[in-house]
Amino acid sequence: MESIGVLLACPMNSYLEQQLDKRFKLYRFWTVPDKSSFLASHKDSIQAVVGNAAAGADAELIEALPKLEIVASFSVGLDKIDLTKCKEKGIRVTNTPDVLTEDVADLAIGLMLAVLRKLCESDRYVRSGKWKRGDYVLTTKFTGKKVGIIGLGRIGMAIAKRAEAFSCPISYYSRTEKPEIKYKYYPSVVELAAHCDILVVACPLTKETHHIINREVINAMGPKGVLINIGRGPHVDEPELVSALVERRLGGAGLDVFENEPYVPEELFGLDNVVLLPHVGSGTVETRQAMADLVIGNLEAHFQKKPLLTPVV
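Residues numbered from 1 in each chain as written. Predicted model: local features only at pLDDT ≥ 70, side-chain atom pairs only at ≥ 80, totals over all residues. Heavy atoms only, no water.

Undergrad: It is not clear to me how the packing of helix H1 (residues 14–23) against helix H11 (residues 285–303) should be interpreted in this structure. Could you clarify?
TA: When two helices pack together, you describe them by how their axes are tilted relative to each other and by the distance separating the axes. At a closest axis distance of 9 Å, the pairing of H1 and H11 adopts a crossing angle of 25°. One element, H1, and the other, H11, form an angle in the roughly parallel class. Our pair here, H1 against H11, has a crossing hand that is right-handed. Contacts between H1 and H11 involve Tyr15, Leu16, Gln19, Leu20 and Arg23 on the former and, on the latter, Gln289, Ala292, Asp293, Val295, Ile296, Leu299 and Glu300. Taken together, the residues that form the contact of H1 with H11 break down as seven nonpolar, two polar and three charged. (Axes fitted to C-alpha atoms, helices over the stretch in contact; angles between N-to-C directions. Helix = DSSP H or I, 4+ residues; strand = E, 2+ residues; numbered from the N terminus. Parallel < 35°, antiparallel > 145°, perpendicular 65-115°, else oblique. Left-handed = near helix turned anticlockwise from the far one by under 90°. Contact = heavy atoms within 4.5 Å. Nonpolar A, V, L, I, M, F, W, Y, C, P; charged D, E, K, R; others polar.)

Laid out in structure tokens, this is it:
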């Protein structure tokens, strides 16, 4: 398989890069100064693209690669891949579900605790020497808080199970009600927001879920509500979120993702009711290696004419 060209869309993971380099003819797209010329001269040798949450395969890239057979995502999300174009051209698509579920769910709970108990602020309080001048302010209890989840897929369910361990009543919104699930279902995000203390975004990013968190939803949560986003940045109308947090119309937020990563609204930096993370939901050594192994496994399966491990298209 050393002759098969694989285009790595952007820097992702050193282990993944090493494994791809061992098995395929690897092209690092981000190192190419003139991408149009590069694609024109390598269009007949590139048969696979590996993308992630930051960069994937849009219609323009797919059209430029007539020999493209498979797009493997180093992520569970598929919003950076033109799935319609892939289907149209018979290009296979894979992602990395399941292996990152636990880490992302763990992080969601961590963000809830960090926001409500002000863990980051408390840490800074000690480091700055302020504790010597008096005790830190009282914070908010997490156990028993009503948790609403948008998107009750693998990650949403994993978050729900963890929150239940803290005696949190669970409710959810999804495109359709899941009769087999015991949790309370709300037919709209606004209704869900109005009936929970903590609202978690855990759905895929699609045209329908773009800015699913808007002014109406934020107002429904109110000044004691907390938003947790471990989905995608564009799920949230960011200017509306920023103004609500600054004006304290929303109680707090724990954010692992942003609309224009790695750029984060600077108005958030000085707020004590926000915890900001650099999109590290699946960012553990163990999980990133498992994700990389899944990407490699899917590519090898495809080019050896075997069934794909995690097919999407």
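Undergrad: Hey, could you run me through the UniProt feature "domain: D-isomer specific 2-hydroxyacid dehydrogenase NAD-binding" (unreviewed entry) in the chain in this one?
TA: Feature annotation in UniProt places "domain: D-isomer specific 2-hydroxyacid dehydrogenase NAD-binding" (unreviewed entry) on residues 109–281, given in this structure's numbering. Across residues 109–281 one finds 29% helix and 14% strand; the C-alpha atoms that close the span lie 11 Å apart. (UniProt positions renumbered as here; feature names shortened; annotations may be inferred.)

Undergrad: Help me out: how do you make sense of the packing of helix H5 (residues 101–116) against helix H7 (residues 154–164) in this one?
TA: It is at 9 Å that the axes of H5 and H7 come closest, and there the two elements cross at 50°. Comparing the axis directions of H5 and H7 gives the class oblique. In the packing of H5 onto H7, the handedness of the crossing is right-handed. When H5 is examined against H7, the residues Thr101, Glu102, Val104, Ala105, Asp106, Ala108, Ile109 and Met112 are found in contact with a partner set consisting of Arg154, Ile155, Ala158, Ile159, Arg162 and Ala163. Split by residue class, the contact of H5 with H7 holds nine nonpolar, one polar and four charged.

Undergrad: Looking at this model, I keep getting lost on the side chain of threonine 96. Mind explaining?
TA: Along the chain, threonine 96 turns up in the loop between strand S5 (92–94) and H5. The contact partners of threonine 96, leaving out residues within four places of it in the chain, are Ser73, Phe74, Ser75, Val76, Met291, Leu294 and Val295.

Undergrad: Sorry, what's going on with the pattern of salt bridges here?
TA: Here the idea is simple: oppositely charged side chains can pair when their charged atoms come close. In the structure shown here, the tally under the stated rule is 16 salt bridges. Between arginine 249 and glutamate 247 there is a salt bridge whose closest N-O contact spans 2.7 Å. With a relative accessible area of 49%, glutamate 247 lands in the partly exposed category. Its salt-bridge partner being arginine 248, residue aspartate 272 comes within 3.0 Å of it at the nearest N-O pair. Taken together, the residues span a long stretch of sequence, with aspartate 272 in the loop between strand S11 (252–255) and strand S12 (274–276) and arginine 248 in the loop between helix H10 (238–246) and S11 at a distance of 24 residues. A relative accessible area of 33% places aspartate 272 in the partly exposed class. A single network of salt bridges, built from pairs that share partners, joins Glu63, Lys85, Glu88 and Lys89. (Salt bridge = Lys/Arg side-chain N within 4 Å of Asp/Glu carboxyl O. Buried < 20%, exposed > 50% of the residue type's maximum accessible area, 1.4 Å probe, protein only.)

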